Amino acid sequence: MDKKDIALEWFKFANEDLSSAQFLLNKVPTPLEIICYHCQQSAEKYLKGFLLLNGEKLQRTHDLIFLNNICKKYSSEFENIEDDCLELIDYGVEVRYPMNIQLNDYDVKNALKSAEKIKQLIMERANYENKI
């Protein structure tokens, strides 16, 4: 597989996470933690896919800020999603365990909005808008 095929695989998995988060909005009771987790996972996979597309080695981290900082080498537009990465960063680990995190509908809406914004920027930069 070449780097384009590898990135496309990452983008497909990222899209599945985001689709899962959107689907779970209709579940009653709404699993807020799981939705936020899928949003973080989606963003992480989109960022990693973008880095792999650009020849970077796979970074074994859940730190969206770290990944986004590497992406900035390829486009200054990644500055525009820094707050979105920060919004999602805690959902990669903390919500996976019973830690009594208090989330609400506002948190979920922001998580989805941030994940969508990250997806949009990366798909535009990667020229993959219509391939997943």
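Throughout what follows, the structure given in this document is the object of discussion. Position numbers for residues count from 1 along each chain, tracking the sequence in the order it is written. It should be noted that, the model being predicted, local features are given only for residues of pLDDT at least 70 and side-chain atom pairs only at 80 or more, the latter also being counted only at that level, while totals for whole chains, interfaces and linings use all residues. Side-chain descriptors were evaluated using all non-hydrogen atoms of the structure, hydrogens and water having been removed beforehand.

## Structural notes on the nonpolar core
Soluble globular proteins: nonpolar side chains tend toward being buried together. The term nonpolar core refers to a set of buried residues drawn from Ala, Val, Leu, Ile, Met, Phe, Trp, Tyr and Cys, joined through side-chain atoms within 4.5 Å. Only protein chains enter the area calculation, which uses a 1.4 Å probe; residues under 20% of their type maximum are buried, those over 50% are exposed, and those in between are partly exposed. Within the largest apolar cluster, 37 residues are counted, with the highest numbers of intra-cluster contacts made by Leu 47, Leu 88, Ile 118 and Ile 122. Taken together, the elements giving at least two residues each to this core come down to helix 1 (3–24), helix 2 (32–53), helix 3 (64–71), helix 4 (82–88) and helix 5 (105–126). Put simply, DSSP H or I for four residues or longer makes a helix, DSSP E for two residues or longer makes a strand, and each gets a number counted from the N terminus. When residues of this core are assigned to their parent elements, the largest contribution, 10 residues, is made by helix 2. In what follows, a contact means two residues having at least one pair of non-hydrogen atoms within 4.5 Å. Sequence-distant contacts of Leu 47, defined by excluding residues within four places in its chain, comprise Leu 64, Leu 67, Asn 68, Cys 71, Phe 78, Ile 81, Cys 85, Ile 118 and Ile 122.

## Regarding the packing of helix 1 against helix 2
How two helices pack is summed up by the angle between their axes together with the distance between the axes. Where helix 1 contacts helix 2, the two axes come as close as 8 Å, and the packing angle between them is 165°. Taken together, helix 1 and helix 2 sit at an angle that is classed as roughly antiparallel. The way helix 1 lies across helix 2 gives a crossing that is left-handed. Each residue belonging to the contact of helix 1 with helix 2 can be placed in one class, and the counts come to 16 nonpolar, 6 polar and 5 charged. Only the stretch in contact is used when fitting a helix axis, every axis being a line fitted to C-alpha atoms; angles between N-to-C directions are given from 0 to 180 degrees. Put simply, angles under 35 degrees are roughly parallel, angles over 145 are roughly antiparallel, angles from 65 to 115 are roughly perpendicular, and the rest are oblique. Left-handed is the label given to a crossing in which the near helix is rotated counterclockwise from the far helix by less than a right angle, and right-handed is the label when the rotation is clockwise. Under the scheme applied, nonpolar residues are Ala, Val, Leu, Ile, Met, Phe, Trp, Tyr, Cys and Pro; charged residues are Asp, Glu, Lys and Arg; polar residues are all the others, including Gly.

## Remarks on the packing of aromatic side chains
Any two rings among Phe, Tyr and Trp, with Trp reduced to its six-membered ring, count as a pair given centres within 6.5 Å; such a pair is stacked if its planes are under 30 degrees apart, edge-to-face if over 60, and tilted if neither. One pass over the full model with this rule turns up 3 aromatic pairs. The interplanar angle of 75° and the centroid separation of 6.1 Å between the aromatic rings of Phe 50 and Tyr 74 together place this pair among those described as edge-to-face. Remark: Tyr 74 occurs in the loop between helix 3 and helix 4 and Phe 50 occurs in helix 2; sequence separation between them is 24 residues. With centroids separated by 4.8 Å and ring planes inclined at 45°, the aromatic side chains of Phe 50 and Phe 78 adopt a geometry described as tilted. A residue pair is termed long-range when its members are at least 10 positions apart, and Phe 50 in helix 2 and Phe 78 in the loop between helix 3 and helix 4 qualify at 28 residues. Classification of Phe 50 by relative accessible area gives buried; the value is 3%. Aromatic rings pair up to connect Phe 50, Tyr 74 and Phe 78 into one cluster.

## A look at the packing of helix 1 against helix 5
One can describe the packing of helix 1 onto helix 5 by two numbers: an axis separation of 11 Å at closest approach and a directional angle of 155°. With respect to helix 5, the element helix 1 is oriented roughly antiparallel. For the pair helix 1 and helix 5, the sense of crossing is left-handed. Judged by residue contacts, Phe 11, Asn 15, Leu 18, Ala 21 and Gln 22 of helix 1 engage Leu 112, Ala 115, Glu 116, Lys 119, Ile 122, Met 123 and Ala 126 from helix 5.

## A short note on helix 5
Relative to the 32 Å expected for 22 residues at 1.5 Å per residue, helix 5 spans 31 Å between its end C-alpha atoms, a close match to the ideal helical length. All of the buried residues along helix 5 are Asp 107, Val 108, Asn 110, Ala 111, Leu 112, Ser 114, Ala 115, Ile 118, Leu 121, Ile 122, Met 123 and Ala 126. Residues of helix 5 that are buried make contact with helix 1, helix 2 and helix 4. The distance from a side-chain oxygen at the start of helix 5 to the backbone nitrogen of Tyr 106 is 2.9 Å, and the residue carrying that oxygen is Asn 104. A positive phi of about 60° marks Asn 127, the residue just after helix 5. Residue count minus one, scaled by 1.5 Å, sets the expected span of a helix. Between N or O atoms, a polar contact is any pair within 3.5 Å; within protein, one atom must be a potential hydrogen donor and the other a potential acceptor, and residues adjacent in sequence are included only when both atoms are from side chains.

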